[in-house]
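Letter by letter, the chains look like this.
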Amino acid sequence: MSDYDAEIAFLGEWGRFQQKVFYLLCLTAIPNGFTGLSIVFLADTPAHRCVVPAHVNLSAAWRNSSIPLEEDQSHGGALVPSKCSRYKIDAMLSYSDRGLLPGVDVNLSHVPQESCLDGWEYDRSQYISTIASEWDLVCDDSWKKPMTSSVYFCGVLTGSFITGQLSDRYGRKIVLFLTIAIQTVFTFSQAFAPSWTVFCALFFVVGLAQISYYVSAFVLGTETLGPRVRTIFSTAGMCMFFGLGYMFLPLLAFFIRDWRKLLLCLALPGFLYVPLWWFVPESPRWLLSKGRIGDAEAIIRAAAKTNKIEPPSVIFSPLQVRPYWLLWLTDFGQFCLSCFIRYRKNNTILNTVTIAYFALSLNTSNLHGNVYFNCFLSALVEMPAYAVSWVMFRWYSRRLSLFSTLFTGGLFLLLIQLIPAGMTISKDFNVMIGKFAITTAFAVVYAYTAELYPTVLRNTAVGTCSMASRIGSITAPFFIYLRSYSISLPYILMGSLTVLSGLLSLLLPESYGMPLPETITHMQHFPG
């Protein structure tokens, strides 16, 4: 095509057709927000301690002292009951039968200890149940908790690759609604998972489907809307509706404290998207790149009718369109030859942004105060971040926008280690400022990526970039796991990587004010 945007300029920028596409596609992002981060509550670990069986005939003094004390770094080194060990039952029985008192007649530091051989008892004041309390994902099995999130992100990685190939071949719309259906069915099925292994297998498919319909909706809107509205859609639009879904999550979790019932509630909204099939159009850009000029014109003429505008007699000339398979083969060949050079900088930045964003989002249960309020606050700071991302994307350089947000976010995370241990509110404030800046970068970088690659490969390119960035999200849960060794270590690593990625973003090409490339020959060169 010579200039797609010029050919459809007669439609205007913000008619009823564009409004319908904008809001309906944005609505599909809401389940991404509350389902994608639901693991914060589904797998949260309640306070727990070893079970001392009721049938063991211990005195009240020994039963009350059956759990040894240990230092807790998250509470400034205060002594708290151990979560993974108890004093040996035989030893306590021996002392109890002889009438010896713990800490008076017996030095507890000399009493042998053992692991929780009879299981754990969990505090039920905050949760009725989570997968951590139901399947004992604690102590020696505590690695399974971050692994659960990593399995989900492995599904996201797989979906990022598959959806790009499928939607570039079969269309954005069909992949969008197919994957919404898959996500709904498998989230519903998770609520009946009999074991951790089955839960993870289903969670993998949920992750695969979720990124698939998010990327498909993102690209469909980017290709269908005009330049100005496209900027709002790709930065503030999709992201703000994702943020709304994220804000609903702690509200739902507050009232539904059982993880199975919470999953059922999260699955239900997916069924409400079925009627949208008859209102969301296929991407005219994709239809043209496929050689389906008649179908593309039919959508544009229907849009003109919706906007009450008289379309020209000929909208797209057959001479303007090359066969899709030729476009795809030609561009994909060049794309493969240059993919390493073009992707390596972009994907390093995407990996860092996803590590920082998801690690900070999943870490809300470890912040000071109420977990529900912390999660809501983490979601709330995303709303102004998405608004700022739109302002930056509308009026400022892409490279400078990405650099400033990444550098600022990384700097605030690095400063956390300098705050005294008792100043928990100041630490949480720095975390939220870091989350704000990184969320802004997260919104900018995906819209930026969509501008860099051509129409015939855009969904494949965005999907492949997203796939490569998921290496970061797969490792993000284990960044949080590092806090068991040092509270500041995750922030030091995230901050350092984010600052370095901010500097690296200055080497990316500038796409501000440029038309979307249709073929790989229209792409800008990547410096360096």
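Each chain has its residues counted from 1, running along the sequence as written. Owing to the predicted nature of the model, reporting of local features is limited to residues with pLDDT of at least 70; listing and counting of side-chain atom pairs is limited to 80 or more, with chain, interface and lining totals taken over all residues. Side-chain measures here rest on the full set of heavy atoms in the structure, leaving out hydrogens and waters.

Asks: With reference to specific residues and values, describe the packing of helix α8 (residues 144-170) against helix α10 (residues 196-224).
Replies: Between α8 and α10, whose axes approach to 6 Å, the crossing angle comes to 40 degrees. One finds that α8 runs oblique with respect to α10. For the pair α8 and α10, the sense of crossing is right-handed. Here the term charged refers only to Asp, Glu, Lys and Arg, the term nonpolar to Ala, Val, Leu, Ile, Met, Phe, Trp, Tyr, Cys and Pro, and the term polar to all other amino acids, Gly among them. Of the residues belonging to the contact of α8 with α10, the class tally is 15 nonpolar, eleven polar and one charged. To define axes, lines are fitted to C-alpha atoms, for helices over the stretch in contact only, and angles between the resulting N-to-C directions are given on a 0 to 180 degree scale. Where helices and strands are cited, they refer to DSSP runs of H or I of at least four residues and of E of at least two residues respectively, numbered from the N terminus. Should an angle fall under 35 degrees it is taken as roughly parallel, and over 145 as roughly antiparallel, whereas 65 to 115 is taken as roughly perpendicular and any remaining angle as oblique. In this scheme, a crossing is called left-handed if the near helix is turned counterclockwise away from the far one by less than a right angle; it is called right-handed if the turn is clockwise.

Asks: Kindly report on the pattern of salt bridges, identifying the contributing residues and their values.
Replies: When a carboxyl oxygen of Asp or Glu is within 4 Å of a side-chain nitrogen of Lys or Arg, the pair counts as a salt bridge. One pass over the structure, following the stated rule, counts ten salt bridges. Across the pair R172 and D168 runs a salt bridge, and its minimum N-O distance is 2.5 Å. In terms of burial, R172 and D168 fall into one category: buried. Between E382 and K435 there is a salt bridge, with its nearest N and O atoms 3.0 Å apart. One end of the pair, E382, is in helix α17 (residues 382-395); the other, K435, is in helix α19 (residues 424-452), with 53 residues separating them in the sequence. Throughout this description, buried means an accessible area under 20% of the type-specific maximum (1.4 Å probe, protein chains only), exposed means over 50%, and partly exposed covers the range between. For K435, a relative accessible area of 1% puts it in the buried group. Among the charged side chains, a salt-bridge network with shared partners connects R86, E114 and D118.

Asks: Got a sec to walk through the environment of E282? Specific residues and values, please.
Replies: With respect to the element layout, E282 can be found in the loop between α12 (259-267) and α13 (284-289). Among the residues examined, E282 registers a relative accessible area of 12% and is labelled buried. In this structure the C-alpha to C-alpha distance between E282 and D295, which are 13 residues apart in sequence, comes to 9.1 Å. Every residue pair with non-hydrogen atoms within 4.5 Å of one another is taken to be in contact. Those residues in contact with E282, other than ones at most four positions away along the chain, are G171, R172, K173, I174, L220, L287 and I299. Throughout this description, a polar contact denotes any pair of N or O atoms lying within 3.5 Å of each other; where both atoms belong to protein, one of them has to be capable of donating a hydrogen while the other can accept it, and for residues adjacent in sequence the pair is counted only when both atoms sit in side chains. A polar contact of 3.3 Å, which involves the side chain of E282, links it to the backbone nitrogen of K173.

Asks: Can you explain the state of the cysteines? Please cite residues and give values.
Replies: By definition, a disulfide is the covalent link that joins the sulfur atoms of two cysteine residues. Working definition: a disulfide is two cysteine sulfur atoms within 2.5 Å of each other. One pass over the structure, following the stated rule, counts two disulfides. Paired through a disulfide, C50 and C116 show a sulfur-sulfur distance of 1.7 Å. Where C50 bonds to C116 through sulfur, the torsion about that S-S bond is close to -55 degrees, and the disulfide is left-handed. Placement of the pair is C50 in strand β1 (residues 48-50) and C116 in the loop between β5 (113-115) and β6 (120-122), with a sequence separation of 66 residues.

Asks: Tell me about the side chain of T364, and name the residues and values.
Replies: Along the chain, T364 turns up in the loop between α15 (324-362) and α16 (371-380). On the accessibility criterion, T364 (0% relative accessible area) is buried. Leaving out residues up to four positions away in the same chain, T364 has contacts with V40, Y246, N374, C375 and S378.

Asks: Explain helix α6 (residues 89-97) to me, using residue names and the numbers behind them.
Replies: Those residues of α6 not exposed but buried are I89, A91, M92, Y95 and S96. All buried residues of α6 lie within an arc of 160 degrees about the axis, which places them on one face of the element. Across from the buried face of α6, at angles greater than 90 degrees, the exposed residues are D90 and D97. Check the buried side of α6 and you find it contacts α5 (60-64), β4 (85-87) and β5. One or two positions beyond α6, positive phi appears at G99, with a value near 80 degrees. This arc corresponds to the set of directions leading from the helix axis out to the C-beta atoms.

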